Amino acid sequence: GTLVSAAGITLTLIFGHVVILVLLCIAVKFRANLNPFMMLRKSAPMLATAFSTCSSIAAIPDSMKCSDAMGISPSLYSFSVPVGVSVSKITTPLFYAVTVLSAANLYGVNITPSAIIQLSVTILLLAVTTPSMPGGGVISLSVLLSQAGCPLEFVGIALSLEMIIDFTATMTICQGNLVCTLLAAADDNLLDREKYNRP
């Protein structure tokens, strides 16, 4: 039962990452009126670094190179990329929510609606403070498990799960940061659209 639950958590999180990436592409298409496939093509080096290192900090140099290749002004990406990596972790709330709810279901812990609201606030706060390193999410997970009344033994299961999903999670975080920078550049006329569309 534990293995089935762990497999379900893993597949749910990976599916969530794919959904987030699709939403980011839709935002690029309809918010900035840009070709999302060109963005994915030019961000491939950053995605490869993020996938292989599982560290969004390690992908900062490639994020900046990709931003430059897309025609984003250096005055914007030199600020937004490092700050975004430190603050914006769009997959972390998903990881916390799915993991805590799965732990509660596995151990038969009843979570009331008021507890869900409290957990949601804690998840949002922890998502900002989670370290940008492999396994960083598990460090803060123990706080949520205690708050939900779940046994801390689930941290061991969560650690093994995060090692699997961290590949796609880091890619999604870096892509989300890059998309936010791209949208800001498009809004503030800091984007060279000719350079963006250049192969």
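The structure displayed is predicted, hence computed values, not measured ones.

Colleague: So what's going on with the overall build of the protein chain? Which residues, and what values?
Modeller: Looking only at helices and strands, the protein chain has 10 helices and zero strands in total. The C-alpha atoms of the protein chain give a radius of gyration of 18 Å, which matches the 16 Å a tight globule of 199 residues would have. When the backbone C-alpha atoms are referred to their principal axes, the protein chain occupies close to 55 × 30 × 25 Å. The buried share of the protein chain, taken over its 199 residues, is 47%. Partitioning the contacts of the protein chain with sequence separation of at least 6, the portion at a separation of at least 24 is 78%. When the accessible area of the protein chain is evaluated, it comes to approximately 9,600 Å², of which 70% is carbon and sulfur surface. Between the averaged position of the 9 positive side-chain charges in the protein chain and that of its 9 negative side-chain charges there is a distance of 10 Å.

Colleague: Provide a residue-level description of the packing of aromatic side chains, including the pertinent values.
Modeller: Applying the stated criterion across every chain, the model contains three aromatic pairs. Each ring, one from Phe95 and one from Tyr96, has its centre 5.8 Å from the other, and the planes form 50 degrees; the classification is tilted. In this structure, Phe95 and Tyr96 share a single accessibility class: buried. For the ring pair Tyr107 and Phe154, a centre distance of 6.2 Å and an interplane angle of 80 degrees mean the geometry is edge-to-face. With a gap of 47 residues between them, Tyr107 in helix 6 (residues 92-107) and Phe154 in helix 9 (residues 154-187) connect regions that are remote in the sequence.

Colleague: Break down the environment of Phe15 for me, with residues and values.
Modeller: Its location among the elements puts Phe15 in helix 1 (residues 2-31). Separated by 153 residues in sequence, Phe15 and Thr168 place their C-alpha atoms 9.8 Å apart.

Colleague: A description of the pattern of salt bridges should follow, citing residues and the corresponding values.
Modeller: With the rule as written, the count across this model stands at two salt bridges. With its nearest N and O atoms 3.0 Å apart, the salt bridge here joins Asp187 to Arg31. Placement of Asp187 in helix 9 and of Arg31 in helix 1 is noted, with a sequence separation of 156 residues between them. Accessibility expressed as a relative area gives 51% for Arg31, which makes it exposed.

Colleague: Kindly report on the nonpolar core, identifying the contributing residues and their values.
Modeller: Among the nonpolar cores identified, the biggest contains 30 residues, and Met39, Ile72, Leu182 and Tyr196 are the most heavily contacted of them. Taken together, the elements giving at least two residues each to this core come down to helix 1, helix 2 (36-42), helix 3 (44-53), helix 4 (60-69), helix 5 (74-87) and helix 9. Among the elements that line this core, the one with the most residues is helix 9, at eight residues. When sequence neighbours within four positions are dropped, the list of residues in contact with Met39 reads Cys25, Val28, Met70, Gln175, Val179, Leu182 and Tyr196.

Colleague: Talk me through the environment of Gly108; I want residue IDs and the actual numbers.
Modeller: Within the secondary structure, Gly108 sits in the loop between helix 6 and helix 7 (113-129). With a relative accessible area of 65%, Gly108 lands in the exposed category.

Colleague: I'd like a rundown of the side chain of Thr49, residues and numbers included.
Modeller: Within the secondary structure, Thr49 is located in helix 3. In this structure Thr49 comes out as buried when scored by relative accessible area, which is 16%. A polar side-chain atom of Thr49 sits 2.5 Å from a polar atom in the side chain of Asp62. Apart from the residues lying within four places of it in its own chain, the contact partners of Thr49 are Cys54, Ala58, Ala59 and Asp62.

Colleague: Requested: an account of the side chain of Thr91, with residues and values cited.
Modeller: With respect to the helices and strands, the residue Thr91 is situated in the loop between helix 5 and helix 6. Using a relative accessible area of 3% as the deciding quantity, one classes Thr91 as buried. Discounting chain neighbours no more than four positions away, the residues touching Thr91 are His17, Ile20, Ala169, Thr172 and Ile173.

Procedures and definitions
- Residues numbered from 1 in each chain as written.
- Predicted model: local features only at pLDDT ≥ 70, side-chain atom pairs only at ≥ 80, totals over all residues.
- Heavy atoms only, no water.
- Helix = DSSP H or I, 4+ residues; strand = E, 2+ residues; numbered from the N terminus.
- Rg over C-alpha atoms; globule rule 2.2 N^0.38 Å.
- Buried < 20%, exposed > 50% of the residue type's maximum accessible area, 1.4 Å probe, protein only.
- Contact = heavy atoms within 4.5 Å.
- Areas by Shrake-Rupley, 256 points an atom, 1.4 Å probe, with all protein chains shown as cover.
- Lys, Arg positive; Asp, Glu negative; His and termini not counted.
- Charge placed at Lys NZ, Arg CZ, Asp CG, Glu CD.
- Phe/Tyr/Trp six-rings, centres within 6.5 Å; stacked < 30°, edge-to-face > 60°.
- Salt bridge = Lys/Arg side-chain N within 4 Å of Asp/Glu carboxyl O.
- Core = buried A, V, L, I, M, F, W, Y, C linked by side-chain atoms within 4.5 Å.
- Polar contact = N/O pair within 3.5 Å; in protein donor to acceptor, adjacent residues only side chain to side chain.

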